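Observations on chain architecture
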Amino acid sequence: MSKSVLRSIKPYWFYLICEGKKQIEVGKNVPKNADWNRIVELYCSKDMCSFNRIPKEFQEKYKPFIGKVGARFVCDKINKFTPTEKGIRFNHFSDLGDTCLSLNEILRYSAGKIIYGWHISDLVIYDKPRKLEDFMKCDYWSFEEWVKKTPLNHSHTKDDYKRYLNRRKMTRPPMSWCYVEEFR
């Protein structure tokens, strides 16, 4: 089954991505599941300090996205940024500018460890931001697995299974990212 990634980011980074200024999102790890469909859903966190960094003339535009899933992109490439004694080695010099971070910010964030640049392409900004509950964590059982794992004295109806799936809905954003599917 194809999985997307739900990534939690601060409002200022969300704004920069949606305005086309930030082309690479930086992270300390990357999805490794072969079922990942390369789609990244962006959850805009409720960090008001970050929101206040957005220029005043754009704040009304981005206010409805706070605490919601407001956009998605295709991650067509992931680069490894490697710390060296001289700083960070980038695959291309433009990668640093595309992150919208200074070299010092990247060095501080990496803390001497490898970090990754998630390239942003095919960005879609939702007309109506989506709720977390529209997504379901991917750590759930199929109906057949659920039947095998539930007690024998428990009924195994499709309605019971739907109730089980409802408990898998996202109610809290991930600290960084997690695999998700759209809840149907």
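Preceding this paragraph is the structure being described.
My aim in this report is to walk through the structure given alongside it, one point at a time. (Residues numbered from 1 in each chain as written. Predicted model: local features only at pLDDT ≥ 70, side-chain atom pairs only at ≥ 80, totals over all residues. Heavy atoms only, no water.)

For the rest of this paragraph, the subject is the overall build of the protein chain. For the protein chain, the helix and strand inventory stands at 7 helices and 10 strands. Expressed as a percentage of the 184 residues in the protein chain, the buried residues total 45%. For the protein chain, the exposed area adds up to about 10900 Å²; of that, 51% sits on carbon and sulfur atoms. (Helix = DSSP H or I, 4+ residues; strand = E, 2+ residues; numbered from the N terminus. Buried < 20%, exposed > 50% of the residue type's maximum accessible area, 1.4 Å probe, protein only. Areas by Shrake-Rupley, 256 points an atom, 1.4 Å probe, with all protein chains shown as cover.)

What follows deals with the layout of surface pockets. When its volume is computed, the largest pocket comes out at roughly 540 Å³. In this structure, the largest pocket is lined by 21 residues; those nearest its centre are K10, W13, E25, V26 and Y109. Of all the elements in the fold, those that place two or more residues in the lining of the largest pocket are β1 (3–9), β2 (24–27), α2 (48–51) and α5 (103–110). When its residues are assigned to classes, the lining of the largest pocket shows 7 nonpolar, 6 polar and 8 charged. (1 Å grid on protein atoms, 1.4 Å probe; cavity = no way out; pocket = protein on both sides within 12 Å on 5 of 7 lines; lining within 4 Å. Points joined across faces, edges and corners; volume = space filled by probe spheres on them. Nonpolar A, V, L, I, M, F, W, Y, C, P; charged D, E, K, R; others polar.)

Pairing between sheet strands relies on hydrogen bonds along the backbone, with the strands arranged either parallel or antiparallel. Spatial ordering of the open sheet is given by β8-β4-β3-β1-β10-β9, a layout of 6 strands whose pairing is mixed. Only two strands of the sheet have a single partner each, and these edge strands are β8 (121–130) and β9 (135–137). Going across the sheet, the axis of each strand differs from the next one's by a mean of 35°, ignoring polarity. (Pairing = 2+ DSSP bridges. Axes fitted to C-alpha atoms, helices over the stretch in contact; angles between N-to-C directions.)

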